[in-house]
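Here is what each chain is made of, one letter per residue.
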Amino acid sequence: VCDHRAANSGGEVKSRRFSTYGGALDEVDVELPAPQGAQVVVEVDACGVCHSDVHLWEGYFDLGDRKLDLSRGRDLPFTLGHEIAGRVVAAGPDAGAAPGESVVVYPWVGCGDCAMCAAGDEQLCPRPRAIGINVDGGYAERVLVPHSRYLHPHGDVPATLAATYACSGLTAFAALRKLEERTGDGVLVVGAGGVGLAGIAIARALDIPEIIAADIDPAKLAAAREAGAHHTIDTAEPGAVKQVMRLTGGGVAAAVDFVGSASSASFAVGALGRRGKVIVVGLLGGTLPLAVPLLPLKSISLEGSYVGNPDEMAELIRLAQTGRLEATPIETRPLAEAEQAVRDLRDGRVVGRVVLTPGRG
Ligand SMILES: [Zn+2]
Ligand SMILES: [Zn+2]
């Protein structure tokens, strides 16, 4: 253990945290403990503001006919922020991280000894310790990471972009991986918000030939075209499913629902051709009216995917480092605007991704 590490460790850090669900994100100085064992302290250069931050802050998911209570997963006051990139500033004696290294943090930390964790799917752990979800996250100047194995050096990729790979990028990547055998002709991307745009960029980097983007918002469709979608479909217009059928000659084999609402999932299922598959990753809320006989008659499948596992994160960062992954639109804001950013995202006033930059003050 070097003395300078100990001197650099912990200390008082500014954070933006809420004390009641749906309440203000106040500026609070938090005492960060010195890293022990393989723990690492990362100075936050960039922290993405994610749609799930809105749900975590409100304290529930909308399940359509009822609310799923999210308020038991953490202690208040709480610091949000799970899309974190920054520099290692302190490390415990057993950590394999070099101070000064620029890293993106895999935040989906599990318990380490359940069946899901053992299978390498920590993000599905029933006793999660996820950063910014269950333990304090990156709406702060520094964050404590429980083990250096969760750090991914991102090389030349800018921190503001690298941060978004920890959730929006990873979510899109893992969803497309689950469709690997079906994307030979193309993919339907439903929802062109932050995660959907990441999906379009990743689909292009994976050489998926035809990308159809669908959204209810013309501004988001314009962003989708900008990101490289070959066709766009306004799902607010009547006949949107028919448009997909015409474009594809009978429906798509692969679709990702980045919205996760009743109407987006219905649209995605309706746009499937025979043996088509929809991966739902969005969490907006609602219940799905489904014509059950279509499952066998068209042999379609509907599957969920939640963020991604550590291996997928490593693969995604490698893909990003090849330079083939186009940057998605990013708007940076100071840490002081964290609450406004969450509110803007809730109200649908954000195109692309808002990334907080605590390191810039
Ligand atoms: Zn997220
Ligand atoms: Zn576990």
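Residues numbered from 1 in each chain as written. Chains lettered and ligands numbered in written order. Predicted model: local features only at pLDDT ≥ 70, side-chain atom pairs only at ≥ 80, totals over all residues. Heavy atoms only, no water.

In this section: the overall build of the protein chain. What the protein chain contains, in helices and strands, is 11 helices and 17 strands. Here the C-alpha radius of gyration of the protein chain, 20 Å, is about what a compact globule of 361 residues would show, namely 21 Å. Each principal axis of the C-alpha distribution contributes one length, and for the protein chain these read about 65 × 40 × 40 Å. Out of the 361 residues belonging to the protein chain, those deemed buried represent 52%. By sequence separation, contacts in the protein chain at least 24 residues apart represent 69% of the contacts at least 6 residues apart. (Helix = DSSP H or I, 4+ residues; strand = E, 2+ residues; numbered from the N terminus. Rg over C-alpha atoms; globule rule 2.2 N^0.38 Å. Buried < 20%, exposed > 50% of the residue type's maximum accessible area, 1.4 Å probe, protein only. Contact = heavy atoms within 4.5 Å.)

Right, let's talk about helix H10 (residues 310–321) for a bit. Taking 1.5 Å of rise per residue, 12 residues should cover 16 Å, and H10 covers 17 Å from first to last C-alpha, within 8% of that figure. Taken together, the buried residues of H10 touch strand S7 (102–105), strand S9 (151–153), helix H4 (159–177) and helix H5 (194–205). Of the residues that open H10, the one with a side-chain oxygen 3.1 Å from the backbone nitrogen of Asp-311 is Asn-309. Gly-323 lies just past H10 and shows a positive phi near 85 degrees. (Expected span 1.5 Å × (residues − 1). Polar contact = N/O pair within 3.5 Å; in protein donor to acceptor, adjacent residues only side chain to side chain.)

What the rule picks out here adds up to 4 aromatic pairs. Between the aromatic rings of Phe-18 and Phe-78, the centroid separation amounts to 6.3 Å while the plane-to-plane angle is 65 degrees, which identifies the pairing as edge-to-face. Residue Phe-18 is found in strand S1 (residues 11–18), and its partner Phe-78 is found in the loop between strand S5 (67–69) and strand S6 (83–91); the two are separated by 60 residues along the sequence. Both residues of the pair, Phe-18 and Phe-78, belong to the buried class. Centroid distance Tyr-106 to Tyr-150: 6.2 Å. Interplanar angle 15 degrees. Geometry classified as stacked. Taken as a pair, Tyr-106 in the loop between S7 and helix H3 (115–118) and Tyr-150 in the loop between strand S8 (142–145) and S9 lie far apart in primary sequence, 44 residues in all. Owing to a relative accessible area of 1%, Tyr-106 belongs among the buried residues under this scheme. (Phe/Tyr/Trp six-rings, centres within 6.5 Å; stacked < 30°, edge-to-face > 60°.)

Sheet architecture is open: 6 strands sit in the order S12-S11-S10-S13-S14-S15, paired in parallel fashion. Two strands in the sheet have a free side with no partner beyond their single neighbour: strand S12 (231–234) and strand S15 (301–304). Neighbouring strand axes in the sheet, compared pairwise and without regard to direction, differ in orientation by 20 degrees on average. Judged from the 5 bridges that link them, strand S13 (residues 252–257) and strand S14 (residues 272–280) form a sheet pairing that is parallel. Each bridged residue has a counterpart across the sheet, and for Val-252 the counterpart in S14 is Leu-272. Taken strand by strand, H5 contacts strand S10 (187–190) and strand S11 (211–215), and its axis lies near 175 degrees from that of S11. (Pairing = 2+ DSSP bridges. Axes fitted to C-alpha atoms, helices over the stretch in contact; angles between N-to-C directions.)

So, about the coordination of the zinc ion (ligand 1). Here the zinc ion (ligand 1) is held by Cys-50 (SG), His-82 (NE2) and Cys-167 (SG), and the distances to it run 2.0 to 2.1 Å. Look at where the donors of the zinc ion (ligand 1) fall in the sequence and you get C-x31-H-x84-C. Remark: Cys-167 occurs in helix H4 and Cys-50 occurs in the loop between strand S3 (40–49) and helix H2 (51–58); sequence separation between them is 117 residues. A single burial state applies to Cys-50 and to Cys-167, both of which are buried. (Donors = N, O, S within 2.8 Å, 3.2 Å for Na, K, Ca; no water.)

The subject of this paragraph is the coordination of the zinc ion (ligand 2). Summarising the metal site, the zinc ion (ligand 2) is bound by the protein donors Cys-111 (SG), Cys-114 (SG), Cys-117 (SG) and Cys-125 (SG), whose distances to it range over 2.3 to 2.4 Å. Taken together, the 4 donor atoms coordinating the zinc ion (ligand 2) and their angles of 100 to 119 degrees define a geometry best described as tetrahedral. Donor residues binding the zinc ion (ligand 2) come from one chain and are separated in sequence as C-x2-C-x2-C-x7-C. Of the two residues, Cys-111 sits in the loop between S7 and H3 while Cys-125 sits in the loop between H3 and S8, which places them 14 residues apart along the sequence. (Tetrahedral: all angles 85-135°; square planar, octahedral: opposite > 155°, others 65-115°.)

Grouped together as the largest cluster of nonpolar side chains are 88 residues, with contacts concentrated most on Val-40, Tyr-139, Val-145, Leu-151, Val-187, Ile-200 and Leu-325. Excluding residues within four positions of it along the chain, Leu-151 makes contact with Val-40, Val-42, Val-88, Ala-97, Val-103, Val-104, Val-105 and Val-145. One finds Leu-188, Val-190, Val-252 and Val-278 within the second-largest nonpolar core, a separate group that totals 16 residues. (Core = buried A, V, L, I, M, F, W, Y, C linked by side-chain atoms within 4.5 Å.)

Our focus in this paragraph is the side chain of Arg-74. Checked against the element boundaries, Arg-74 lands in the loop between S5 and S6. Of note is the side chain of Arg-74, whose polar atom sits 3.0 Å from the side chain of Tyr-21. For Arg-74, the contacting residues outside a window of four places in its chain are Tyr-21, Leu-56, Ile-133 and Asn-134.

Another point: unusual backbone geometry. The omega torsion of the bond from Leu-76 to Pro-77 falls at -5 degrees, within 30 degrees of zero and hence cis. The topology assignment puts Pro-77 in the loop between S5 and S6. Residue Asp-207 is not a glycine yet carries a positive backbone phi of 60 degrees. Locating Asp-207 in the fold gives a position in the loop between H5 and S11. Residue Asp-207 is classed as exposed on the basis of its relative accessible area of 57%. Phi at Ser-299 is positive, roughly 50 degrees, even though this residue is not glycine.

We now examine the pattern of salt bridges. Applying the stated criterion across every chain yields a total of 21 salt bridges. Measuring nitrogen to oxygen at the nearest pair gives 3.2 Å for the salt bridge that ties Arg-16 to Glu-27. Placement of the pair is Arg-16 in strand S1 and Glu-27 in strand S2 (residues 25–32), with a sequence separation of 11 residues. The class for Arg-16 is buried, based on a relative accessible area of 15%. Here Asp-347 makes a salt bridge to Arg-346, at a shortest N to O gap of 3.0 Å. The exposure class of Arg-346 is partly exposed, given its relative accessible area of 36%. Residues participating in the shared-partner salt-bridge network are Glu-331, Arg-333, Asp-344, Arg-346, Asp-347 and Arg-349. (Salt bridge = Lys/Arg side-chain N within 4 Å of Asp/Glu carboxyl O.)

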